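Single-letter residue listing:
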Amino acid sequence: MADPSHHPGRTEGHGAHVLWAGLTAKVLCAAAEGDVPVLFPVASTEQHGPHLATGVDSVLCSHVCHTAALSLYDQGIETLVLPTLWAGMAEHHMAFGGTLTVSLATYQAVIGEVCGSVLRHGFKRILIVNGHGGNIAPLAAMAPDLARILGVAVPVTTYFDLVEEPFAGVLEDQTSVLHAGEAETSMMMVAAPHLVDETAFGEAHGGDAFLAARASGVGGYKSFKDFTPSGVIGNARRASTKKGEQLVALAAAALADLVASGTPWR
């Protein structure tokens, strides 16, 4: 177990350097020898209604991973956070503009090769932390192929799935994270308030048709534009900084607890 006061990546007054891109190759090689776990945030760049920037999923996934890693560091558990994969499976948002998406083959190749790079340096424990609903099914589908190609299973979690029950206790109009609604907007008001346009909250609601379709149990591809003219599922008008602080704290704590338990790699 590491002693935070003697970590070479620590800068006085700025906390621990847990970000892969902020450390030297020498420090990372030493971390590999110490069997330090590595978080790989994967997200998306896509429309988030009239009030949020397109980088929401990447900003929030990065923030939750970074906050969790800092918490673990303060507990004496070293954890590294890879640069966030900002492109994901987002074809269903393309009709609104501003969205970047990749094919399933490209997505699997990039994730496999990033994980392969980490493993080649001697790291043994990677946890993919997802922050975009559209990535959940593709990540599950590619898991067997990745295990075969890499020679080791790489576990995956979606950070907001870890906290569905406690999130429900904070939110008013929804019980979990919905697209650009109360939860995501609240968290963005904490993680990146400069990317939130509160003057557009009046338009930032909708998506009842989406919720009805999901409840029907019938799947299949449809554009988000078929469900919500605003691009929002839920009601951003219910968002607040106070809720955002609670939600971020809950998500980061749940992720930190998961890593500390070692469960993903058993």
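Colleague: Give a description of the overall build of the chain that names residues and reports values.
Modeller: Counting its secondary structure elements, the chain contains eight helices and six strands. Walking the chain from its N terminus toward its C terminus, one meets helices and strands in the order α-β-α-β-α-β-α-β-α-α-β-α-β-α. Projecting the C-alpha coordinates of the chain onto the three principal axes gives extents of approximately 50 × 40 × 30 Å. A sequence separation of at least 24 residues applies to 77% of the contacts in the chain between residues at least 6 apart. As displayed, the chain has an accessible area near 12200 Å², and 56% of this comes from carbon and sulfur atoms.

Colleague: Residues and numbers for the packing of aromatic side chains, please.
Modeller: Given two aromatic rings, one states the distance between the centres and the angle between the planes to describe the pair. One pass over the structure, following the stated rule, counts two aromatic pairs. Arranged with centres 5.3 Å apart and planes meeting at 45°, the rings of Trp20 and Phe123 form a pair that is tilted. Note that Trp20 is positioned in the segment before α1 (25–33) and Phe123 in the loop between α3 (104–120) and β3 (126–130), a separation of 103 residues in sequence. The class of Trp20 is buried, set by a relative accessible area of 16%. Using a relative accessible area of 2% as the deciding quantity, one classes Phe123 as buried. With centroids separated by 5.2 Å and ring planes inclined at 80°, the aromatic side chains of Tyr159 and Phe160 adopt a geometry described as edge-to-face. An identical accessibility class is assigned to Tyr159 and Phe160; each is buried. One Lys or Arg, Arg125, reaches over the ring of Trp265 and ends 5.1 Å from the middle of that ring. For the cation-ring pair, Lys225 lies above Phe96, with the distance from its terminal atom to the ring centre recorded as 5.2 Å.

Colleague: I'd like a description of the pairing of strand β1 (residues 38–42), backed by residues and values.
Modeller: Most of β1 sits out of view: five of its five residues are buried. Taking every second residue as pointing to the same face, both faces of β1 are buried, with Val38, Phe40 and Val42 on one and Leu39 and Pro41 on the other. At this point the chain moves from β1, through helix α2 (residues 56–74), to the parallel strand β2 (residues 80–81), and the crossover so formed is right-handed. Relative to β3, β1 runs parallel, the two being bridged by five bridges.

Colleague: Before we move on, can you summarise the side chain of His92 with the specific residues and values?
Modeller: Tracing the sequence through the fold places His92 in the loop between β2 and α3. Judged by relative accessible area, His92 falls into the buried class, the value being 18%. There is a polar contact of 3.5 Å between the side chain of His92 and the side chain of His93. Sequence-distant contacts of His92, defined by excluding residues within four places in its chain, comprise His132, Gly134, Tyr221, Lys222, Ser223 and Phe224.

Colleague: Hey, could you go over the sheet that holds strand β4 (residues 156–158) for me, with residue numbers and the actual values?
Modeller: The sheet built from four strands is open, its strands ordered β2-β1-β3-β4 with parallel pairing. At either margin of the open sheet sits one strand with a lone partner, and together these are β2 and β4. In this structure, β1 lies alongside β2, joined through two bridges in parallel fashion. Paired with Val38 across the strands is Leu80, a residue of β2. Where α2 meets the sheet, its contacts fall on β1, β2 and β3, and the angle it forms with β1 comes to roughly 165°.

Colleague: Kindly report on the packing of α2 against helix α8 (residues 241–261), identifying the contributing residues and their values.
Modeller: Put simply, α2 and α8 touch, their axes get as near as 8 Å, and they point 55° apart. Taken together, the axis directions place α2 and α8 in an arrangement best described as oblique. In the packing of α2 onto α8, the handedness of the crossing is right-handed. Across the interface between the two elements, His63, Val64, Cys65, Thr67, Ala68, Ser71 and Leu72 of α2 pack against Val248, Ala251, Ala252, Leu255, Ala256, Val259 and Ala260 of α8. The residue makeup of the contact of α2 with α8, split by class, is eleven nonpolar, three polar and no charged.

The rules we used
Residue numbers restart at each chain and count upward from 1, following the sequence in its written direction. The predicted nature of this model means local features are confined to residues of pLDDT at least 70 and side-chain atom pairs, given and counted, to a pLDDT of 80 or more, with totals for whole chains, interfaces and linings taken over all residues. To obtain the side-chain values, all non-hydrogen atoms of the structure were included, while hydrogens and water were left out. We count a stretch as a helix when DSSP gives it H or I for four or more residues in a row; a strand needs E for two or more, and each element gets its number in order from the N terminus. We call two residues in contact when some of their heavy atoms are within 4.5 Å. Accessible areas in this description were obtained via Shrake-Rupley with a 1.4 Å probe; residue shielding takes into account the shown protein chains only. Working definition: a ring pair exists when centres of Phe, Tyr or Trp rings (six-membered ring for Trp) sit within 6.5 Å. Plane angles under 30 degrees give stacked, over 60 give edge-to-face, the rest tilted. A simple rule labels every residue: compare its accessible area, found with a 1.4 Å probe on the protein chains alone, to the largest value its type can have, and call it buried under 20%, exposed over 50%, or partly exposed in between. Here, over-ring charges are defined by two tests on the NZ atom of lysine or the CZ atom of arginine: distance to the ring centre within 6 Å, and angle to the ring normal within 35 degrees. Note on handedness: a crossover is taken as right-handed if, strands pointing away from the viewer, the path from the first strand over the helix to the second is clockwise. Note on pairing: two strands pair once DSSP finds at least 2 bridges between them. Polar contacts, as counted here, are pairs of nitrogen or oxygen atoms within 3.5 Å of one another; within protein the pair requires one atom able to donate a hydrogen and one able to accept it, and residues that are adjacent in sequence qualify only if both atoms are side-chain atoms. To define axes, lines are fitted to C-alpha atoms, for helices over the stretch in contact only, and angles between the resulting N-to-C directions are given on a 0 to 180 degree scale. Here roughly perpendicular refers to angles of 65 to 115 degrees, roughly parallel to angles under 35, roughly antiparallel to angles over 145, and oblique to all remaining angles. Note on convention: near helix rotated counterclockwise from far helix by under a right angle means a left-handed crossing. Clockwise means right-handed. Three categories are distinguished: nonpolar for Ala, Val, Leu, Ile, Met, Phe, Trp, Tyr, Cys and Pro, charged for Asp, Glu, Lys and Arg, and polar for the others, with Gly belonging to the last.

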